[in-house]
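Each chain is listed here by its residues.
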Protein chains: 2
Amino acid sequence: MSRSGPDLALLMLGGFRSLVDAATAELAARGYEDVRPLHDFALRAIAAGADSASELGRRMSVTKQAAARTVAVLEERGYVERNADPADARRMRLQISERGVTLLRTGEGIFNELRKQWEQQIGPAKLAELESILTELVGVQPVRVDTPGWLARDLGETI
Amino acid sequence: MSRSGPDLALLMLGGFRSLVDAATAELAARGYEDVRPLHDFALRAIAAGADSASELGRRMSVTKQAAARTVAVLEERGYVERNADPADARRMRLQISERGVTLLRTGEGIFNELRKQWEQQIGPAKLAELESILTELVGVQPVRVDTPGWLARDLGETI
DNA sequence: AGACAACGACAACTATGTTGTCTATCTTGG
DNA sequence: CCAAGATAGACAACATAGTTGTCGTTGTCT
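In this numbering scheme, every chain counts its residues from 1 along its sequence in written order. Here the convention is simple: chains get letters from A, ligands get numbers from 1, in the order in which they are written. The model is predicted, so local features are restricted to residues of pLDDT at least 70 and side-chain atom pairs to those at 80 or more, both for listing and for counting; the totals for chains, interfaces and linings are taken over all residues. Side-chain descriptors were evaluated using all non-hydrogen atoms of the structure, hydrogens and water having been removed beforehand.

Per an unreviewed UniProt entry, the recorded name for chain A is MarR family transcriptional regulator, and the organism is Kribbella antibiotica.

Right under this line is the structure:
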């Protein structure tokens, strides 16, 4: 009780990490060893309509150069495809590959399983309350995921 | 309602970022422009008893080399002092400087203010509930802060 | 005394970000 | 209808984290 401000921040970081670490480890176990959380977020942004590197950069609040490099990695690993845009010769249209789609589905499934585990741990009412309070505080606007670094690391091994 | 697993993770990330971004910006405004969240965490670990680079590395779940570099930065910026340990010639004893102490105090105050803002926004009962639920889920064990990258970035400018 | 462990330093590498510059291409307004 | 400006993507240089591996010095323990 009477927790301090810093503790509150750390609690939320802990919750986030707890989920993301577990999800990353599980993804690795299912054969997606080359995926970092950052890649998942980028892929989601592409799925949500960021169909060019520059646009992806905007959505992730990152420079287009950084976005282009993330795209290059994703392409190299077979999660997205880049095709020339027939309507605009400057652009390379991004498309999620089949492998990318199954990755997204798998990731979503894993997160949902983790959420279910939490639900069993504390009960549906409390989980709903947690989500409701967080939503009230953080808002419903999309969270910025311009989150380089540890989000980008392979956390599975370090546990 | 019926939020998904990924959303839950993002909500907690959002909450954490919201606090940390605001705190970093406020610290910068108060004259601590060269401080990243990572530095604050490291300083707290040193204050909590990590009095050598290797020990700091252990506490932050990071290699001693990485810890030594963080220490070097903190020393360069005047937040910690390194003195030869009279009892062990291999070690450099870490001590938080006066400036470091005031930084820690200031940071703590800012986080507490932010927490108070949240309290006013949603009411003390809900905040207590939030903390209680998170504690139940995340546990009381210290959260690992081996969090390179965006935690280390100067988030104040990018808002 | 000798074997082993630990501290801190150095070097090389990875991953992600940034700014700045450049070319090619689109768009728009006089 | 063409010149000026905006935008897409690429390249290069650099910053800030992290990692592994190696090494010399110093403690510790049998």
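From this point, the narrative continues.
A. Region of interest: the protein's contact with DNA strand C. What surrounds DNA strand C is a group of 23 residues, the closest being Thr-63, Gln-65, Arg-69 and Ala-89 of chain A together with Arg-58 of chain B. Proximity criterion: a residue is near a molecule or strand once any of its heavy atoms comes within 4 Å of it. Sugar plus phosphate, as a fraction of atoms of DNA strand C within 4 Å of the protein: 59%. Two N or O atoms count as a polar contact when they lie within 3.5 Å, although within protein this holds only if one can serve as hydrogen donor and the other as acceptor, and sequence-adjacent residues are included solely when both atoms are side-chain atoms. For DNA strand C, a phosphate oxygen lies 2.6 Å from a polar atom in the side chain of Thr-63 of chain A. Contact between DNA strand C and Arg-90 of chain B: a base nitrogen at 3.0 Å from a side-chain N or O atom of the residue.

B. Spatial organisation of the environment of Pro-37 of chain A. All names here are of chain A. Under the scheme used here, helices are H or I runs from DSSP no shorter than 4 residues and strands are E runs no shorter than 2 residues, and both carry numbers assigned from the N terminus. Its place among the elements puts Pro-37 in helix H2 (residues 37-47). Judged by its relative accessible area of 7%, Pro-37 is buried. For the pair Pro-37 and Leu-27, spaced ten residues apart in sequence, the C-alpha to C-alpha distance is 10.0 Å. Residue burial is assigned from relative accessible area. The probe radius is 1.4 Å, only protein chains are included, and a residue is buried under 20% of its type maximum, exposed over 50%, and partly exposed in between.

C. Summary view of the pairing of strand E2 (residues 88-96) of chain B. Residue and element names in this part refer to chain B. Two strands qualify as a pair provided DSSP detects at least 2 bridges between them. Examined bridge by bridge, strand E1 (residues 80-85) and E2 share six bridges and lie antiparallel to one another. What sits directly across from Arg-82, in E2, is Leu-94. Hairpin connection between E1 and E2: a loop of two residues separates the two successive antiparallel strands.

D. Region of interest: the protein's contact with DNA strand D. With respect to spatial proximity, 25 residues lie near DNA strand D, and among them Arg-90 of chain A together with Thr-63, Gln-65, Arg-69 and Ala-89 of chain B are the closest. Of all DNA strand D atoms lying within 4 Å of any protein atom, the proportion belonging to sugar or phosphate reaches 59%. One of the side-chain nitrogen or oxygen atoms of Arg-90 of chain A is found 2.7 Å away from a base oxygen of DNA strand D. Within the contact set of DNA strand D, a sugar or linking oxygen lies 3.4 Å away from a side-chain nitrogen or oxygen of Arg-90 of chain B. When contributions to the surface near DNA strand D are tallied by element, the ones reaching two or more residues are helix H3 (53-59) and helix H4 (64-76) of chain A together with helix H2 (37-47), helix H4 (64-76) and E2 of chain B. Sorting elements by how many residues they give to the surface near DNA strand D places H4 of chain B first, with four residues. Charged residues are taken to be Asp, Glu, Lys and Arg, nonpolar residues to be Ala, Val, Leu, Ile, Met, Phe, Trp, Tyr, Cys and Pro, and polar residues to be all remaining types, Gly included. Grouping the amino acids of the surface near DNA strand D by side-chain chemistry returns eight nonpolar, seven polar and ten charged.

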